[in-house]
Amino acid sequence: LFQPEMSQNIANMSGQVIRDILKLTQQPDVISFAGGMPPTDALPHEALREISGLAFEKYGREVLQYGTSEGFLPLREFIVKWMAKKGVKAELEEVIVTSGSQQGIDLMAKAFLNQDDRVIMEKPTYLTAIQIFQLYGASFLFGDSDENGIVPSSLQQISKHSTNKLLYLVPNFQNPTGVTLSQDRRKELPGMMAELKLVLVEDDPYGDLVYDGNHNGPIKAHDQDQRVVYLGSFSKIISPGLRVGFAVAPEAIIEKLVIGKQSSDVHTCNLAQAMIYEFCAGGLLEPHLESLKNQYRKKRDLMLEVMDRHFPRSVSWNKPGGGLFIWVQLPAGKTAQGLLKEAVKEKVAFITGECFYVGGGGSNTLRLNFSNASSAQIEEGISRLGKVMHTYLA
Ligand SMILES: Cc1ncc(COP(=O)(O)O)c(C=O)c1O
């Protein structure tokens, strides 16, 4: 049998966790709280179907031609105005459209990381970001986190090294923990980056999905020293399948992201960019966001209420003010892996927390998604999971 000799960076990775999640979510009789997707019936299908026709009419054959790596100009102009409303002043030259914010992470890694360079992160953090950084040969250091996100003073404790390159944060309703960075830390962090010789990657796919209170505004809004790169995404607020996101960064960094993008995919699909632009500029984004927030708030509240009713007292969890996830802790010594084995027998699934921890930890944690399942599935699935927990933890 042919045993291909792979690169060291990819040889050590299995991709198994993502494959397992997809397998579980695709079984029709399993109630899955594993993924992080909008429910398919909440995708604005009719509006986007009409808009795709309109985009073909309005932009003609050009939409089928190659475009620029920086992205579709009207969409970039919209992003400049949209970010200004969030308190981020950006020039057009400081915006690139990416194929999802995931590509933004990938392009930042491509632009900044040499083999064995270090990325500073929270523990736990977004699984795919970990994988991307590993593929570029990075190693990791961790800041301390509490209920208000990463603790700035803990970054000062990290040994200073010229190979420390990026600080990767998900400041709003973090994936997986649901934690949000406090306002005072948002103000403090950008000013620390120059001394620490770091660039802060602010990955923010969940910032618009706020269910309680006010939006904190991006860290990038406090970036006097031009050390923060903001990554945005239309995946969780319009459609993940269209694969449109963006980065806002100093021009010198954008230039390198453009070079990286040229060798990845030349540019993000023109039709997808035009559709996202027409959806937003046509005034459909705000009402759609309102409707999503109302649906997701109800589902979050329902899930929390059903958890309260059915989960054993020894299990604890947070109440996220937005985003898509609830983070659950089993009593010490009990593993979410063990629980998942039993849960799958009862046709209910979640993702174990340990895959969000580099180098181990979190074996008693798990992540529940509340956006994708229907209300009836939330009632049924959480009550099943509660029963499994009572037996498993007894
Ligand atoms: C923290 C975080 N960043 C980035 C992404 C990727 O999103 P996109 O679809 O924009 O690539 C996700 C998706 O789940 C995410 O949770």
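Residues numbered from 1 in each chain as written. Predicted model: local features only at pLDDT ≥ 70, side-chain atom pairs only at ≥ 80, totals over all residues. Heavy atoms only, no water.

Caption draft 1: Main features of the overall build of the chain. When helices and strands are counted, the chain shows 13 helices and 15 strands. The C-alpha radius of gyration of the chain comes to 21 Å, within 12% of the 21 Å expected for a compact globule of 394 residues. Principal-axis analysis of the C-alpha atoms gives the chain an extent of 60 × 55 × 55 Å. Split into buried and exposed, the 394 residues of the chain put 55% on the buried side. Summarising the internal contacts of the chain: among those between residues at least 6 apart in sequence, 76% fall at separations of at least 24. Only carbon and sulfur atoms are counted for the fraction: they give 51% of the accessible area of the chain, which is about 17600 Å². The distance from the centre of the 40 positive side-chain charges to the centre of the 44 negative ones in the chain is 4 Å. (Helix = DSSP H or I, 4+ residues; strand = E, 2+ residues; numbered from the N terminus. Rg over C-alpha atoms; globule rule 2.2 N^0.38 Å. Buried < 20%, exposed > 50% of the residue type's maximum accessible area, 1.4 Å probe, protein only. Contact = heavy atoms within 4.5 Å. Areas by Shrake-Rupley, 256 points an atom, 1.4 Å probe, with all protein chains shown as cover. Lys, Arg positive; Asp, Glu negative; His and termini not counted. Charge placed at Lys NZ, Arg CZ, Asp CG, Glu CD.)

Caption draft 2: Up close: the side chain of Arg 185. Along the chain, Arg 185 turns up in helix α8 (residues 183-196). According to the relative accessible area criterion, Arg 185 is buried, its value standing at 11%. Each residue touching Arg 185, except ones within four places of it in the same chain, is listed here: Asp 146, Asn 148, Gly 149, Ile 150, Val 151 and Pro 152.

Caption draft 3: Just the nonpolar core, in detail. Ranked by size, the top nonpolar core spans 100 residues in total, and within it Leu 75, Phe 133, Tyr 168, Phe 234 and Leu 368 carry the most contacts. For this core, the element with the highest residue contribution is helix α11 (residues 285-310), accounting for 9 residues. In this structure, Tyr 168 is in contact with Ile 105, Val 119, Ile 120, Met 121, Glu 122, Thr 125, Tyr 126, Ala 129, Phe 133, Val 201 and Asp 203, ignoring residues within four places of it in sequence. Core analysis: the second largest hydrophobic core is formed by 16 residues, Leu 155, Leu 167, Met 192 and Val 228 among them. (Core = buried A, V, L, I, M, F, W, Y, C linked by side-chain atoms within 4.5 Å.)

Caption draft 4: Up close: the sheet that holds strand β15 (residues 365-369). Pairing in this open sheet of 4 strands is antiparallel, and the strands run β11-β12-β15-β14 from one edge to the other. Edge strands, defined here as strands with exactly one partner in the open sheet, are β11 (316-317) and β14 (351-352). Two elements, β11 and strand β12 (residues 325-329), share 2 bridges in a ladder whose sense is antiparallel. Within the sheet, the bridge partner assigned to Ser 316 lies in β12 and is Gln 329. Seen against the sheet, α11 touches β11, β12 and β15 and runs at an angle of roughly 20 degrees to β12. (Pairing = 2+ DSSP bridges. Axes fitted to C-alpha atoms, helices over the stretch in contact; angles between N-to-C directions.)

Caption draft 5: Highlighting a negative patch on the surface. A cluster of like negative charges, contributed by Glu 91, Glu 93, Glu 251 and Glu 255, occupies part of the molecular surface. Positionally, Glu 255 belongs in helix α9 (residues 251-264). Relative accessible area serves as the criterion here: at 48%, Glu 255 is assigned to the partly exposed category. (Patch = residues over 30% accessible without salt bridge, like charges linked within 9 Å, V, L, I, M, F, W, Y side chains within 5 Å. Salt bridge = Lys/Arg side-chain N within 4 Å of Asp/Glu carboxyl O.)

Caption draft 6: A look at the site of the ligand. Not every one of the 14 residues close to the ligand is listed here, only the nearest: Ser 101, Asp 203, Tyr 206, Ser 233 and Ser 235. Contact distances for the ligand include 2.9 Å between an oxygen atom and a backbone N or O atom of Gln 102. Separating an oxygen atom of the ligand from a side-chain N or O atom of Lys 236 is a distance of 2.9 Å. In isolation the ligand exposes 400 Å². Once the protein is present, 93% of that is buried. Per-element tally for the shell around the ligand: the top contributor is helix α5 (residues 100-112), with 3 residues. Looking at side-chain class alone, the shell around the ligand contains 5 nonpolar, 6 polar and 3 charged residues. (Near = heavy atom within 4 Å. Polar contact = N/O pair within 3.5 Å; in protein donor to acceptor, adjacent residues only side chain to side chain. Nonpolar A, V, L, I, M, F, W, Y, C, P; charged D, E, K, R; others polar.)

Caption draft 7: Highlighting the packing of α11 against helix α13 (residues 375-393). At a closest axis distance of 9 Å, the pairing of α11 and α13 adopts a crossing angle of 30 degrees. Taken together, the axes of α11 and α13 lie roughly parallel to each other. For the element pair α11 and α13, the recorded crossing hand is right-handed. Every residue of α13 that contacts α11 at Lys 299, Leu 302, Met 303, Val 306, Met 307, Arg 309 and His 310 is listed here: Ser 375, Ile 378, Glu 379, Ile 382, Ser 383, Gly 386 and His 390. Within the contact of α11 with α13, the residues separate by chemical class into 6 nonpolar, 5 polar and 3 charged. (Parallel < 35°, antiparallel > 145°, perpendicular 65-115°, else oblique. Left-handed = near helix turned anticlockwise from the far one by under 90°.)

Caption draft 8: Up close: unusual backbone geometry. Residue Pro 124 is bonded to the preceding Lys 123 through a cis peptide linkage, with omega at 0 degrees. At the junction of Asn 175 and Pro 176, the peptide bond is cis and its omega measures out at 20 degrees in the coordinates. Within the fold, Pro 176 resides in the loop between β7 (164-169) and α8. Positive phi, close to 65 degrees, is recorded for Val 266, a residue that is not glycine. Within the secondary structure layout, Val 266 lies in the loop between α9 and α10 (270-281).

Caption draft 9: Representation of the pairing of β15. Of all 5 residues in β15, 5 are buried, a share of seventy percent or more. Residues Thr 365, Arg 367 and Asn 369 of β15 are buried on one face, and the alternating residues Leu 366 and Leu 368, pointing to the opposite face, are buried as well. For β12 and β15, the ladder comprises 5 bridges, and the chain directions are antiparallel. Within the sheet, the bridge partner assigned to Val 328 lies in β15 and is Leu 366.

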